[in-house]
Amino acid sequence: NRDFARAWENIYAWTERPQTVLANKDSNLDPDLLTYAHAIAGFRRGDLKRAFAQINALTDAHPDDPFFHEFRGDILMSMANPRQAAETYEAAIALRPESPQILLLLGRALIAANDKSLLPRAIEVLTLYLAIVPAVLASRGIMTMNAMTLTAIGRSTDSAFFNVVNITLATI
């Protein structure tokens, strides 16, 4: 199954030494999954241009793969391009709408874009994240972003969003 194979290559690329992954030219592997592993290894080594070119080729070849879009967004964030990362995470979330990880990454990119017009979407996305992820886990990753978002848009007393935060805190 392709999803399992992709997950395996993902784990391999994140856990093995990058130079070992990059040296792997196994012709028995799906060439796209080998490219994915090489993109991850290149990213880990700081070769963002190469990793970006590789993931772009994969998202072009597989536009319905949310994981390729997600990793493209990760690279864009590392390249200090949060607005483009947010657009890429939006593509990923359209394909996998209840992925807590992608929702959190999208929220982070929207906030990092430093554009107040994007903050309502950040609140929407992070609120959905809170609804999906158990409260204890959500509080660890989102409380700082909630405060930053509310402060950035000057709505530190926004009752609807603040209620979500308070409900989360009350369950910890």
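Rules behind the numbers
- Residues numbered from 1 in each chain as written.
- Predicted model: local features only at pLDDT ≥ 70, side-chain atom pairs only at ≥ 80, totals over all residues.
- Heavy atoms only, no water.
- Helix = DSSP H or I, 4+ residues; strand = E, 2+ residues; numbered from the N terminus.
- Buried < 20%, exposed > 50% of the residue type's maximum accessible area, 1.4 Å probe, protein only.
- Contact = heavy atoms within 4.5 Å.
- Salt bridge = Lys/Arg side-chain N within 4 Å of Asp/Glu carboxyl O.
- Phe/Tyr/Trp six-rings, centres within 6.5 Å; stacked < 30°, edge-to-face > 60°.
- Core = buried A, V, L, I, M, F, W, Y, C linked by side-chain atoms within 4.5 Å.
- Expected span 1.5 Å × (residues − 1).
- Arc of directions from axis to C-beta.

Draft legend 1. A look at the overall build of the protein. A count of helices and strands for the protein gives ten helices and zero strands. Going residue by residue from the N terminus, the α and β elements of the protein occur as α-α-α-α-α-α-α-α-α-α. Every one of the 172 residues in the protein was classed for burial, and the buried ones make up 45%. Once local pairs closer than 6 in sequence are excluded, the contacts in the protein between residues at least 24 apart make up 51%.

Draft legend 2. Quick peek at the pattern of salt bridges. Considering all chains together, one arrives at six salt bridges under this definition. With a closest N to O distance of 2.9 Å, R121 and E124 form a salt bridge. Separated by three residues within a single helix, R121 and E124 lie in helix 8 (residues 119-132), roughly one turn from each other. Here the residues in one salt-bridge network are D3, R6 and D65, joined through shared partners.

Draft legend 3. Quick peek at the packing of aromatic side chains. Per the counting criterion, the structure on display carries five aromatic pairs. Taken together, a centroid distance of 6.3 Å and an interplanar angle of 90° make the contact between W14 and F71 edge-to-face. Highlighted residues: W14 in helix 1 (residues 2-15) and F71 in helix 5 (residues 66-78), separated in sequence by 57 residues. The interplanar angle of 85° and the centroid separation of 6.2 Å between the aromatic rings of Y36 and F71 together place this pair among those described as edge-to-face. With Y36 in helix 3 (residues 31-45) and F71 in helix 5, this pair connects stretches of sequence that are 35 residues apart. Taking the relative accessible area as the measure of exposure, Y36 reaches 3% and is therefore buried.

Draft legend 4. Fine view of the nonpolar core. In terms of nonpolar packing, the biggest core is built from 42 residues, with Y36, I55, F71, I75, Y89, L106 and L110 touching the most fellow members. Among the secondary structure elements, those contributing two or more residues to this core are helix 1, helix 2 (18-23), helix 3, helix 4 (48-61), helix 5, helix 6 (82-95), helix 7 (100-112) and helix 8. Here the element with the most residues in this core is helix 7; it accounts for eight residues. Non-local contacts of I55, meaning those with residues more than four positions away in its chain, are made with Y36, F68, F71, R72 and I75.

Draft legend 5. Here's a closer look at helix 1. The end-to-end C-alpha separation of helix 1 is 20 Å, in line with the 20 Å expected for 14 residues at 1.5 Å each. All buried positions along helix 1 are accounted for by R6, E9, Y12 and A13. Down the axis of helix 1, the sector holding all buried residues measures 125°, keeping them to one side. For helix 1, the exposed residues lying more than 90 degrees away from the buried face are F4, W8 and T15.

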